[in-house]
Amino acid sequence: MAWPKSFHPAGLIEKLKQKIASLQQQWRSTRAENERLRKENEQLRQEQGRLRGERERLREENERLKRQLEEAQRANKRQAAPFSRGQRKANPRPPGRKPGTAYGQHYRKTIPQQVDQVIAVPLPAQCGCGGALKVEKIEPQYQHEVVRKTIWRRFDIAVGRCRRCGRRVQGRDPRQTSDALGAAAVQLGPEALALAVRMNKGLGMPHGDVAAVLQDGFGLRVHRSTICRAVERVARRGQATWHALREAARRSMVNAIDETGWRVEAQLRWLWVAVSEQVTYCDILPGRGFEQAASLLGENYDGWLTHDGWAVYYKFLRAGHQSCMAHLLRRCRDMAAVASASASRFPLQVKALLEKGLALRDRFNQGKLSRHGLWTATGRLEAQLDRLLLRPVRDSANRRLKNHLWRERPYLFTFLYCPGLDATNNAAERALRPLVVARKNWGGNRTQKGARAQAILTSILQTAQQQGKKPLEVLIALLVGNDQGKILDLVPRTREIPQDSSPAPPPRKGVACDLRGPSKTEFVLPPESVALYATPKSVDGALVSVQP
């Protein structure tokens, strides 16, 4: 049988071979393409992993930079130059009195009733044009001047001996600062020493600057070591008063407490201050924990504490607490200034709620709101804050603020439940301010003895100013006193905490722990206790009154 030419086995086999070769070539090309795509996919996967790692690294870097920025802002507020108010106003008001009718009420200094020196000032010999001058009237002008004059005193001290026991006895004048004779018979008087101590511990001037002022102003050649020994002498005589001031602070119903860094022997220490309505007590201690805080007020202190929210203060379990609103407002404002538009929404909302609490306090103080209305509005305000804190936040800085507010939640609006209590710890901040200035001038204390003298004299001088007494006279009283255990009249008398019969406030919902304090009932602080808080305070850049 003859096969058609197109179906001849040899031709069919040849076609099959060609087809197989074509399929093999196509398979090899597909395999090469798959290999290329696999390699490209692997490269893309590696690139994706690298980008994911880079994104995570950038996120961590962003968080680290945010934390550094926040720490730098806090450090700038705390240690460097905290007295700048930030960006200037675009159109500030011109300083000084206003012209015309906007000048305001005219004042002038009081004319002295007694004049120590009268100086006649005659007319010039002739006028500028050469004409003769005629006296029409005499007009007085008064000048209050400092006379730079020093004097030498000599005390002729009678020295005798007892006929009965044979003991040596010598006289003492109230103007003497020491009984030393012989090699130490030449001394500085109490006025000069008190002025030197006042300039050093009260005004923060270094010993060298104090010596320069005494030399240039009064012609007193005083070495720095003399001033240093005078400071130690006054501090030794003020120890009894210092301990009594601590006991008075522990008896006080309200205390503002704060601390700041200090250097003693070039080592970090902490300067603590507790400010009540009549007493300021300072101490320099080696730590910043509850042990040091309890050494000021006692671990069982059961009054009211206003502070900046440092966790150590909440270990005073028997005390009532008020966290400083000014610190929180400043933190919210600083966070909103550097955050993005979406991240700044949370701190701005918190800031608005805190300002609403201050507005409620002001309305109550002005008589526009009753006590029951104040408590009702406070409960609504706390409910708004709880709803705000329950919302999720993504920004890390906002999460830290949120966690901090949850911890501070029971102590944010204590001042609304207890009218008359300060909403800030500005009293303690004002007590620390001159010490911060002194720290900028001379850094701290070189010895432990100097640190103790710093704490004693700061407590005495600031308490004297707080009570309206002249610090210089207080120092003179310490210098001329011969009794080392004498307690000055700066220490207030013991008084009982007044009991208030007003009804208890409504229950506070959504608070994890109850308000701890000397009484579970709301009370109004007595006038003598409110004296500390009656001056205008600066909160968030505005003056607000906190008088009850």
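My aim in this report is to walk through the structure given alongside it, one point at a time. Here the structure is a predicted model, which is why all the values come from computation and not from measurement.

Quick word on the overall build of the chain
Link 1 in the chain: Across its full length, the chain holds 15 helices and 10 strands.
Link 2 in the chain: Looking at the chain as a whole, 36% of its 548 residues qualify as buried.
Link 3 in the chain: A separation threshold of at least 6 residues defines the contact pool for the chain, and within that pool the share at least 24 residues apart is 64%.
Link 4 in the chain: Accessible surface, the chain as shown: approximately 35,000 Å² in total, 53% of it carbon and sulfur.

Topic: the nonpolar core
Link 1 in the chain: Counting 57 residues, the largest nonpolar core has Trp272, Leu297, Phe316 and Ile460 as the members making the most contacts within it.
Link 2 in the chain: The dominant element in this core, judged by the number of residues it contributes, is helix 13 (residues 448–466), at eight residues.
Link 3 in the chain: With 28 residues, the next largest nonpolar core counts Leu328, Leu329, Cys332 and Leu405 among its residues.

Considerations on helix 8 (residues 345–365)
Link 1 in the chain: Taking 1.5 Å of rise per residue, the 21 residues of helix 8 would be expected to cover 30 Å, and the 31 Å separating its terminal C-alpha atoms lies within 8% of that figure.
Link 2 in the chain: Listed as buried for helix 8 are Phe346, Pro347, Val350, Lys351, Leu353, Leu354, Gly357, Leu358, Leu360, Arg361, Asp362 and Phe364.
Link 3 in the chain: Backbone geometry just downstream of helix 8 places Gly367 in the positive-phi region, at approximately 80 degrees.

A look at the pairing of strand 3 (residues 254–264)
Link 1 in the chain: The element strand 3 is largely enclosed, with a buried count of 10 among its 11 residues.
Link 2 in the chain: Looking at chain direction, strand 3 and strand 6 (residues 304–307) are connected through three bridges and run parallel. Residue pairing for strand 6: Val254 is matched across the bridge by Trp304.
Link 3 in the chain: Bridge count between strand 3 and strand 4 (residues 267–275): nine bridges; the pairing is antiparallel. Considered in strand 4, the bridge of Arg263 is made with Leu268.
Link 4 in the chain: Following strand 3, the chain reverses through two residues before pairing antiparallel with strand 4; Glu265 in that reversal takes a positive phi of roughly 55 degrees.
Link 5 in the chain: Sheet analysis places strand 3 next to strand 8 (residues 444–445), joined by two bridges and oriented parallel. Each residue of the ladder has a partner; that of Arg263, found in strand 8, is Gly444.

Digging into the environment of Gln117
Link 1 in the chain: For Gln117, the position within the fold is in the loop between helix 1 (9–78) and strand 1 (159–161).
Link 2 in the chain: Assessed through its relative accessible area of 61%, Gln117 is described here as exposed.
Link 3 in the chain: Here the alpha-carbon distance between Gln117 and Gln143, two residues 26 residues apart in the chain, equals 9.9 Å.

As for unusual backbone geometry
What you tend to see is this: most non-glycine residues have negative phi, and most peptide bonds are trans.
Link 1 in the chain: Unlike most non-glycine residues, Glu265 shows phi in positive territory, near 55 degrees.
Link 2 in the chain: Among the secondary structure elements, Glu265 is positioned in the loop between strand 3 and strand 4.
Link 3 in the chain: The class for Glu265 is partly exposed, based on a relative accessible area of 43%.
Link 4 in the chain: With phi around 65 degrees, Ala266 is a residue other than glycine that occupies positive phi space.
Link 5 in the chain: For Ala266, a relative accessible area of 63% gives the class exposed.

Rules behind the numbers
Per-chain numbering applies: the sequence of each chain, read as written, is numbered from 1 onward. Selection of residues for local features in this predicted model requires a pLDDT of at least 70, selection of side-chain atom pairs for listing and counting requires 80 or more, and totals for whole chains, interfaces and linings are taken over all residues. Side-chain numbers here rest on the full set of heavy atoms in the structure, without hydrogens or water. Runs of H or I in DSSP of at least four residues are treated as helices and runs of E of at least two as strands, each being numbered from the N terminus. Exposure classes here rest on a 1.4 Å probe applied to the protein chains alone. A residue is buried below 20% of its type maximum, exposed above 50%, and partly exposed in between. The contact criterion used throughout is that any non-hydrogen atoms of two residues lie within 4.5 Å. Computed by Shrake-Rupley with a 1.4 Å probe, the accessible areas treat only the displayed protein chains as cover when residues are assessed. Only buried Ala, Val, Leu, Ile, Met, Phe, Trp, Tyr and Cys residues count toward a nonpolar core, and they belong to the same one when joined by side-chain atoms within 4.5 Å. One less than the residue count of a helix, multiplied by 1.5 Å, gives the span that helix is expected to have. One requirement defines pairing of two strands: DSSP has to find at least two bridges between them.

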